[in-house]
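What follows is the residue order along each chain.
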Amino acid sequence: MRLGTRLALGLGVLSLAVFAVVGTALTAYMRDYLEQQLGEQLKLIQTVQAKDAAAHGTVRRKPYYGWYTAVYDVSGGSVALRRPADVPEDTRPLAELARAMAHSDTELMRTARIEGEGTYRLRGCEVEPGVVLVSAAPVEDVEKTVERLVTVQVVVFALALMALVVFGRRMLRRGLKPLSDMAHTAHGITSHDLTESAARLPLRADGRDGGREVAELRTAFNTMLEHIDDSLAVRAEAELRLRRFVADASHELRTPLMSVRGYADLFQYAAANEPAEREKHLARLRAEAARMGILLDDLLLLARLDAAEVEAPLRTEVTDLRELAQQAADAFRAGRPTHPLTVTDRATGPLVLRLDPQRIRQVLDNLLANAAVHTPPGTPVTVALEATSGAALVRVTDAGPGIPADHRDRVFDRFYRVDKARTRDRGGSGLGLAVARSLVRAHGGDIGLTSRPGATVFTVRLPSRGLTEV
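Calculation rules
- Residues numbered from 1 in each chain as written.
- Predicted model: local features only at pLDDT ≥ 70, side-chain atom pairs only at ≥ 80, totals over all residues.
- Heavy atoms only, no water.
- Axes fitted to C-alpha atoms, helices over the stretch in contact; angles between N-to-C directions.
- Helix = DSSP H or I, 4+ residues; strand = E, 2+ residues; numbered from the N terminus.
- Left-handed = near helix turned anticlockwise from the far one by under 90°.
- Contact = heavy atoms within 4.5 Å.
- Nonpolar A, V, L, I, M, F, W, Y, C, P; charged D, E, K, R; others polar.
- Buried < 20%, exposed > 50% of the residue type's maximum accessible area, 1.4 Å probe, protein only.
- Pairing = 2+ DSSP bridges.
- UniProt positions renumbered as here; feature names shortened; annotations may be inferred.
- Patch = residues over 30% accessible without salt bridge, like charges linked within 9 Å, V, L, I, M, F, W, Y side chains within 5 Å.
- Areas by Shrake-Rupley, 256 points an atom, 1.4 Å probe, with all protein chains shown as cover.
- Salt bridge = Lys/Arg side-chain N within 4 Å of Asp/Glu carboxyl O.
- 1 Å grid on protein atoms, 1.4 Å probe; cavity = no way out; pocket = protein on both sides within 12 Å on 5 of 7 lines; lining within 4 Å.
- Points joined across faces, edges and corners; volume = space filled by probe spheres on them.

*Asks:* Would you mind going over the packing of helix α8 (residues 357-373) against helix α11 (residues 432-442) with me for this structure?
*Replies:* Two numbers describe a pair of packed helices, the interaxial angle and the distance between the axes. The geometry of α8 relative to α11 is characterised by a closest axis approach of 9 Å and an angle of 145 degrees between their N-to-C directions. The crossing of α8 and α11 is left-handed. Every residue of α11 that contacts α8 at R359, Q362, V363, N366, L367 and N370 is listed here: G432, L433, V435, A436, L439 and V440. Considering only residue class, the contact of α8 with α11 consists of seven nonpolar, four polar and one charged.

Now the structure itself:
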């Protein structure tokens, strides 16, 4: 059964129990009240009948129809009925009450059954010593009244119970409608294709009905859907990046492999086996193999950095950051004489950090090479060192044309190039900045980019842990 039906039936059972208790209590109270009223009537009538019996020996004034009155002479353990008397054929209950009155100081009242007549309410009082007046009133009217009350209660309570179940079920169904809507939304989600790359869940649980509990459930449900949406978006983006990464890696490896295959095929011809030609082709083979080796080394390094929780590719030691930057600057000046380089030191104290000097040197070399490759000859390049509370900063700035705004968020992606037409030999494989960011993050730092025409700045931030003064 549905929840609304079960709640309605449960409410009906609870109401039935309440009605039963109320009806029983009301019936018992009404019975006691009517019997008390009947006793008061007997007492009032006996007050008059006692005077009549004292004056005439018997009761001459007739009571109500169906009522009986008897006067008994009680001596010792025997009782004698005075005649004439309006009594039923079975006088034993009346005589027993008269005999009991002989040993009682107060009036007695009891309920007894008279054969052939039914149930009666008996009351006895002493007229004078040895003389007892007994009156009997039928309780049939009381029983009929109680039975009629019970019948009315059963009918009214049954109608009330039916109305309560029917209308309560409707109200509960209306109150539980927000839950049904959320169930419908959940069914819609199950029918949604989550295998699509850009799968999103446009469904949401709307509405304001249902109270605070339903509102909290609706909020939690929508929060869960938002989390699923975000997870699906991240998964779709990861799948897209993975496909792009595989395609770019395949393309990057295909070029040197084709070159190696081409040079290898040349050795089938006699002309290629001439000493001069052979050395030239072997040199090109070694160059293509070295280029492919550098690409594979970068890919392996990125894979190891991505799995840093499994293996740590860093070998840290105490290193002077100034000396490391100066070595990178000297190597840049030697290899890129067409780009003037300036090193500025804005730190007030020594910069000694615990880091992997080879990897940080690789980061600096990549940033400097990137500045030289993507700017025209003669463009000045600057390396600035700073120390702030909590971090050491290295800024690599070039005065080139800058990076367009729509490319800045992706320059750190693997195999991404701003200039798609740039040759592989001049533009590199597109892994330099990705490797640089991964290495900096492996040290607990980060790398940022700001760019405008005439000033492109890469800022390397290394954390303060390990930053010491000597």
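*Asks:* How should the environment of L179 be read in this particular structure?
*Replies:* Along the chain, L179 falls in helix α4 (residues 177-190). Its relative accessible area of 27% is what places L179 among the partly exposed residues. Considering only alpha carbons, one finds L179 and R218, 39 residues apart in sequence, at a separation of 8.5 Å. Ignoring any residue separated from it by four or fewer positions in sequence, one finds L179 in contact with V214 and L217.

*Asks:* Would you mind going over the sheet that holds strand β7 (residues 341-345) with me for this structure?
*Replies:* Strands in a sheet are paired, the pairing made by backbone hydrogen bonds, and the direction either parallel or antiparallel. Pairing within the open sheet is mixed, and its five strands lie in the order β7-β9-β10-β12-β11. Edge positions in the open sheet fall to β7 and β11 (446-452), since each of these has one partner strand only. Strand-to-strand twist of the sheet, defined as the mean angle between neighbouring strand axes without regard to direction, takes the value 15 degrees. Across the face of the sheet, α8 comes into contact with β7, β9 (381-388), β10 (391-398), β11 and β12 (455-463) while running at roughly 175 degrees to β12.

*Asks:* Help me out: how do you make sense of the UniProt feature "transmembrane region" (unreviewed entry) in the protein in this one?
*Replies:* UniProt tags residues 149-167 as "transmembrane region" (unreviewed entry). The span residues 149-167 carries 100% helix and 0% strand; its end-to-end C-alpha distance comes to 26 Å.

*Asks:* Where do I start with α11 in this structure?
*Replies:* Two residues of an α-helix separated by three or four positions point the same way, owing to the 3.6 residues in each turn. Listed in full, the buried residues belonging to α11 are L433, A434, V435, A436, S438, L439 and V440. Of the residues trailing α11, G444 is marked for its positive phi of about 90 degrees.

*Asks:* What's the story with a nonpolar patch on the surface in this structure? I'm lost.
*Replies:* Together, L11, L14, V18 and V22 line one region of the surface with nonpolar side chains, adding up to about 330 Å² of accessible area. Residue position: L14 is located in helix α1 (residues 3-56).

*Asks:* Looking at this structure, how should I read the layout of surface pockets?
*Replies:* Over the atoms rolls a probe the size of a water molecule, and its path tells where empty space is left. The space that makes up the second largest pocket amounts to roughly 360 Å³. For the second largest pocket, the lining is made up of 18 residues, of which W67, P138, V139, E140 and D141 are closest to its centre. Contributions of two or more residues to the lining of the second largest pocket are made by α1, β4 (118-128) and α3 (140-175). For the lining of the second largest pocket, the class distribution of residues is nine nonpolar, six polar and three charged.

*Asks:* Is there a simple way to explain the pattern of salt bridges in this structure?
*Replies:* Once the charged atoms of two side chains with opposite charge are near each other, the side chains can pair. Counted under the stated rule, the structure contains 10 salt bridges. Residue R31 pairs with E143 through a salt bridge whose shortest N-O separation is 2.9 Å. A residue pair is termed long-range when its members are at least 10 positions apart, and R31 in helix α1 and E143 in helix α3 qualify at 112 residues. Residue R31 is classed as partly exposed on the basis of its relative accessible area, which comes to 27%. E143 sits in the partly exposed class, given a relative accessible area of 29%. For D90, the salt bridge goes to R92, with nearest N and O atoms at 3.1 Å. When its relative accessible area of 10% is taken as the criterion, D90 is described as buried. Several salt bridges share partner residues, and in doing so they unite R346, E386 and R395 into one network.

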